[in-house]
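Overview (structure and organization)
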Amino acid sequence: MTTPTFESLAATTSAHEFFAILCYPLESFKSPASPEGRSTFHAHYVYLDKLRTAGKLAFAGPINAPVPGQPPIHTPGAPGGMIIIRAADKTEAEKIAFEDPYHAEGQRRNDVHSWRLAWSHNELAPALASTFSNI
């Protein structure tokens, strides 16, 4: 497989509008490691999978996760996760962000920002091109 150039990758992504959802845990956040936090965590993952199957989800993951499989370290005032989505406009992106179970249940504040891919390391370019061409 030939590694896509920046120009070809940019051309692939320019037809889509992407948004970054920065996810800030609130005081009421319940850790997924706790029994009471597991149901919201599960609902969040079901929601992300729904977005994936609808072609809306590009990437998602925790910020400050020290070890795979371990919960992230939540720094007060810092985002605990980031979700990159495709949406028609900011209104749709905000609807998606605010329907996330963590936000809807008041455990997290989701902030929406427009986002575009400006650079990719060559090793990541094939995976990014494949992801973006499928959504």
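Residues numbered from 1 in each chain as written. Predicted model: local features only at pLDDT ≥ 70, side-chain atom pairs only at ≥ 80, totals over all residues. Heavy atoms only, no water.

On to the overall build of the protein chain. A count of helical and extended segments in the protein chain gives 5 helices and 4 strands. The N-to-C order of helical and strand elements in the protein chain reads α-β-α-β-β-α-α-β-α. Looking at the protein chain as a whole, 35% of its 135 residues qualify as buried. The long-range share in the protein chain, meaning contacts at least 24 apart out of those at least 6 apart in sequence, stands at 74%. Working note: accessible area of the protein chain is about 8000 Å², and carbon and sulfur atoms make up 58% of it. (Helix = DSSP H or I, 4+ residues; strand = E, 2+ residues; numbered from the N terminus. Buried < 20%, exposed > 50% of the residue type's maximum accessible area, 1.4 Å probe, protein only. Contact = heavy atoms within 4.5 Å. Areas by Shrake-Rupley, 256 points an atom, 1.4 Å probe, with all protein chains shown as cover.)

Our focus in this paragraph is the sheet that holds strand 1 (residues 18–25). Strands sit in the order 2-3-1-4 across an open sheet of 4 strands; the sheet is antiparallel. Across the chains shown, the open sheet's two edge strands, defined by having one partner strand only, are strand 2 (57–62) and strand 4 (108–115). Averaged over all pairs of adjacent strands, the angle between their axes in this sheet comes to 15°, without regard to strand direction. Strands strand 2, strand 3 (81–86) and strand 4 of the sheet are contacted by helix 2 (residues 35–53), whose axis makes an angle of about 155° with strand 2. Across the sheet, helix 3 (residues 90–99) lies against strand 1, strand 3 and strand 4, angled at about 155° from strand 4, the strand it touches most. (Pairing = 2+ DSSP bridges. Axes fitted to C-alpha atoms, helices over the stretch in contact; angles between N-to-C directions.)

Remark: a regular strand shows side chains that alternate across the two faces of the sheet. Most of strand 1 is tucked away, with 7 of its 8 residues classed as buried. Sheet analysis places strand 1 next to strand 3, joined by 6 bridges and oriented antiparallel. Counterpart to Ile21 in the pairing with strand 3 is Ile83. Sheet analysis places strand 1 next to strand 4, joined by 8 bridges and oriented antiparallel.

With that settled, consider the pattern of salt bridges. A complete count under the given rule lists 5 salt bridges for this structure. Lys95 is paired through a salt bridge with Glu99; the nearest N and O atoms lie 2.7 Å apart. Placement of both Lys95 and Glu99 in helix 3 is noted, with a separation of 4 residues, approximately one turn of the helix. Given a relative accessible area of 37%, Glu99 falls into the partly exposed group. Residue Arg109 pairs with Asp111 through a salt bridge whose shortest N-O separation is 2.9 Å. (Salt bridge = Lys/Arg side-chain N within 4 Å of Asp/Glu carboxyl O.)

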